[in-house]
Number of protein chains: 2
Amino acid sequence: MNHKVTMRDIADRLNISSVTVSKALGDKDGVSDSLKEKIKQVAEEMGYRYNTAAKSMKDGLSYNIGVMIPERFTGTNHSFYFRIYKYIAKILEQGGYYGIMTTLGEHEESMLTLPRLYYEQKIDGLIILGQIGKPYIEAMQEMQLPKIFLDFYDEHVEMDAVVTDNFYGAYELTNLLIRGGHRDIAYVGTLHSTSSIQDRFLGYYKSLLEHRIPLQQQWILNDRDEDGVYIDIQLPDPMPSAFVCNCDQVAHNLINKLQDLGYHVPQDYSVTGFDNDIYATLTRPPLTTVEVDIERMAKLAVQSILKKVSNPYYTFGRALVPGRVIERESAIALTNDADHQA
Amino acid sequence: MNHKVTMRDIADRLNISSVTVSKALGDKDGVSDSLKEKIKQVAEEMGYRYNTAAKSMKDGLSYNIGVMIPERFTGTNHSFYFRIYKYIAKILEQGGYYGIMTTLGEHEESMLTLPRLYYEQKIDGLIILGQIGKPYIEAMQEMQLPKIFLDFYDEHVEMDAVVTDNFYGAYELTNLLIRGGHRDIAYVGTLHSTSSIQDRFLGYYKSLLEHRIPLQQQWILNDRDEDGVYIDIQLPDPMPSAFVCNCDQVAHNLINKLQDLGYHVPQDYSVTGFDNDIYATLTRPPLTTVEVDIERMAKLAVQSILKKVSNPYYTFGRALVPGRVIERESAIALTNDADHQA
DNA sequence: CTGAAAGCGCTTACAG
DNA sequence: CTGAAAGCGCTTACAG
């Protein structure tokens, strides 16, 4: 491996100063074009590679952004996390930054342990990807570091957040069902679990309100426990004609359960999902759902955090990324002759 | 943000030198216990955070390991990549390192563009996670950097690799089918696509050989094209009684296809997968498959790359991580009365 | 257009 | 046990 080539080595070879080499390689003014060319050429020849650590020390920036993913919620949705992290990493790289992912274990979350990344000044900003508990959110406030929430938010703390427009997506989905003649529509999701579940519920509720359909408490079905672990969904009695599920995976679980009981989807019951993730196309029938624009969320999150890095006073509140309803086969219009009371 | 607290600030506050602070905080010898305690306390009070960049410059190490994932293959298997990357990141962190993921786009792969991470000395080592093309593998040889392959290998280059014991896993799975009375067994996977597909095929073949069952060329079925994109699987005529698929997703696709044609799995045909990923439990019936020990692969990969960082001459060749056969419902013993010729 | 000096925050080797 | 000096590789501000 020999000794690594530095600007000084290039300078020595050309009998010039390292300052000039620095200027040339950084395409700064103050070097004649001919010398600049020569320097770049020699740098190439000698296999010079820029030393980021030196730059980092100079300007006190690591050029890394942390992405913290709470372990509690990754259990279910690997594909979403992988895809969005991939975009985040790629977009950061285009901006001269790199992403460092860290998972927040349940133990660290409950002990309010801040990430090592922070204590080692490894990062200039932090994207928190996925819902974390309030105590931890509060503990994080002491971190002297720009940070944003991605894919969730918390009203009790003034933190910038980038989220899908969950409210509007669920509203549109419910409207679609109502246009299809459904009036008995259940919502599947534990309301206090995450901001997404809550906002999707409210979109569903808004649609009911607009169509003057009363909200039935017994048609709000829990899908997970306090820890976000899926539970067996208790079917209500009487049954609705359609189920608006808070995510594709839950729609998948529900459809499996209905099918196991001998029902047919969508003939007996219409079911909708949310996210358009792997479950949307895997489920049979494939799900009518809302596609989350993962790439745009990643891009907005990266742009926002980088803006906050260069200006710590920059805030934007809550940025909504619109989704898109995708109609597949798990939901159909209600036919007049069918009677859906169990 | 004020000015960031440095060791010098702590030293000034206590009227000592920064050397002593460095020793105390690094738990080195040469500071009295009482002073050491005092220094740590003041550091805490002042909100001191260690500056990794300075250390990096000092010893020429970034304390980052790159993880390169070729984009060409991530399309299919997000869950695997997410899980293994999560483990890699976690285990690196335990070793005082951080992971930086970078995807290798198809364009970069064909243009033989080396990752920016390398040119910026951002990493001390590189884990290449997922099959890449030979030309790129060769281009990578010029990188002065410890690197290992994870989840694949290439015979033509002497590179260390950590892989599942694909050969043995497929061998055991095929043995299981043969013990169940199957003798007409097809293999599903495009042989020249990846080392995993090839090795799993060879395990299948070894099992046939041991049981003196001739290999039938028409029972080796392609599942993807040159670019790794899944193709429609052409069913052979005559049909076998069982299919050994090179991965769970392909088993999933095959089962769907068989079911669409009106066949029943496993009553009409037994089908096995490989990986025990999300498809294994999603598919109906759930798949008999081989569980890949992702955590152990990640751990071994991290240990190996860190060993190579501290000693560039360390090599270990090809490390095999054993898998584990999991019997579910997609494969059953052949009953005597059934006749499986189409 | 070119370069000597200083400094970013730490650590190592050495002197007291 | 404590600290002054030097250096890691770059860049910025200033002088020539």
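These numbers were taken from a predicted model, which means no experiment stands behind them. (Residues numbered from 1 in each chain as written. Chains lettered and ligands numbered in written order. Predicted model: local features only at pLDDT ≥ 70, side-chain atom pairs only at ≥ 80, totals over all residues. Heavy atoms only, no water.)

S.K.: How should I be thinking about the UniProt feature "domain: HTH lacI-type" (unreviewed entry) in chain A in this particular structure?
M.R.: When the UniProt feature table is mapped onto this chain, "domain: HTH lacI-type" (unreviewed entry) is found at residues 5–59 of chain A. Counted over residues 5–59 of chain A, helix gives 69% and strand 0%. Its end C-alpha atoms are 22 Å apart. (UniProt positions renumbered as here; feature names shortened; annotations may be inferred. Helix = DSSP H or I, 4+ residues; strand = E, 2+ residues; numbered from the N terminus.)

S.K.: I tried to follow the environment of Ile127(A) on my own but got confused; where do I start?
M.R.: Residues and elements named next belong to chain A. Tracing the sequence through the fold places Ile-127 in strand β3 (residues 125–129). Along the backbone, Ile-127 and Ile-65 are 62 residues apart, and their C-alpha atoms lie at a distance of 7.4 Å. If sequence neighbours within four positions are ignored, Ile-127 has contacts with Ile-65, Gly-66, Val-67, Met-68, Ile-88, Ile-148, Leu-150, Ala-301 and Ile-305. (Contact = heavy atoms within 4.5 Å.)

S.K.: In this structure, what is going on with the environment of Ile84(B)? I would like to understand it.
M.R.: Residue and element names in this part refer to chain B. Relative to the elements of secondary structure, Ile-84 occurs in helix α6 (residues 78–94). In this structure Ile-84 comes out as buried when scored by relative accessible area, which is 0%. Separated by 71 residues in sequence, Ile-84 and Arg-13 place their C-alpha atoms 46 Å apart. Non-local contacts of Ile-84, meaning those with residues more than four positions away in its chain, are made with Leu-129, Leu-150, Ile-294, Met-297 and Ala-298. (Buried < 20%, exposed > 50% of the residue type's maximum accessible area, 1.4 Å probe, protein only.)

S.K.: Before we go on, may I ask you to explain the state of the cysteines in this structure?
M.R.: Here, the word disulfide means a covalent bond between the sulfur atoms of two cysteines. Residues and elements named next belong to chain A. Enumeration over the complete set of coordinates arrives at 0 disulfides over all chains. Of all cysteine sulfurs in the structure, the one in Cys-247 sits closest to Cys-245, which takes part in no disulfide; the separation is 7.7 Å. Given the relative accessible area of 1%, Cys-245 is considered buried. (Disulfide = S-S within 2.5 Å.)

S.K.: Looking at this model, I keep getting lost on a negative patch on the surface. Mind explaining?
M.R.: Taken together, the side chains of Glu106(A), Asp225(A), Glu226(A) and Asp227(A) make up a negatively charged region of the molecular surface. Here Asp227(A) lies in the loop between β7 (220–221) and β8 (242–245). (Patch = residues over 30% accessible without salt bridge, like charges linked within 9 Å, V, L, I, M, F, W, Y side chains within 5 Å. Areas by Shrake-Rupley, 256 points an atom, 1.4 Å probe, with all protein chains shown as cover. Salt bridge = Lys/Arg side-chain N within 4 Å of Asp/Glu carboxyl O. Lys, Arg positive; Asp, Glu negative; His and termini not counted. Charge placed at Lys NZ, Arg CZ, Asp CG, Glu CD.)

S.K.: Sorry, what's going on with the sheet that holds strand β4 (residues 147–150) of chain B here?
M.R.: Within a sheet, each strand pairs with its neighbour through backbone hydrogen bonds, oriented either parallel or antiparallel. Judged by pairing direction, the sheet is parallel, and its 6 strands sit side by side in the order β2-β1-β3-β4-β5-β11 (chain B) without closing on themselves. Edge positions in the sheet fall to β2 (98–104) and β11 (318–321) of chain B, since each has one partner strand and no second. Within this sheet the neighbouring strands show an average axis-to-axis angle of 20°, counted without direction. Sheet analysis places strand β1 (residues 64–70) of chain B next to strand β3 (residues 125–129) of chain B, joined by 4 bridges and oriented parallel. When the bridges of β3(B) are listed, Met68(B) appears paired with Ile128(B). Each of β1 and β2 of chain B touches helix α6 (residues 78–94) of chain A; the most contacted strand, β2(B), lies at about 90° to it. (Pairing = 2+ DSSP bridges. Axes fitted to C-alpha atoms, helices over the stretch in contact; angles between N-to-C directions.)

S.K.: Sorry, what's going on with the packing of α6(A) against α6(B) here?
M.R.: A pair of packed helices is captured by two measures, namely the crossing angle of their axes and the spacing between those axes. It is at 8 Å that the axes of α6(A) and α6(B) come closest, and there the two elements cross at 75°. Compared by their axis directions, α6(A) and α6(B) come out roughly perpendicular. Residues His78(A), Ser79(A), Tyr81(A), Phe82(A), Arg83(A) and Tyr85(A) of α6(A) form the contact with α6(B), whose participating residues are His78(B), Ser79(B), Tyr81(B), Phe82(B), Arg83(B) and Tyr85(B). A breakdown of the residues in the contact of α6(A) with α6(B) according to their chemical character gives 6 nonpolar, 4 polar and 2 charged. (Parallel < 35°, antiparallel > 145°, perpendicular 65-115°, else oblique. Nonpolar A, V, L, I, M, F, W, Y, C, P; charged D, E, K, R; others polar.)

S.K.: I tried to follow the sheet that holds strand β11 (residues 318–321) of chain A on my own but got confused; where do I start?
M.R.: An order of β2-β1-β3-β4-β5-β11 (chain A) is seen for the 6 strands of this open sheet, with the pairing classed as parallel. Either end of the sheet is taken by a strand with one partner, and the two such strands are β2 (98–104) and β11 of chain A. Averaged over all pairs of adjacent strands, the angle between strand axes in this sheet comes to 20°, irrespective of strand direction. Helix-sheet contacts for α6(B) involve β1 (64–70) and β2 of chain A, and the interaxial angle to β2(A) is about 90°.

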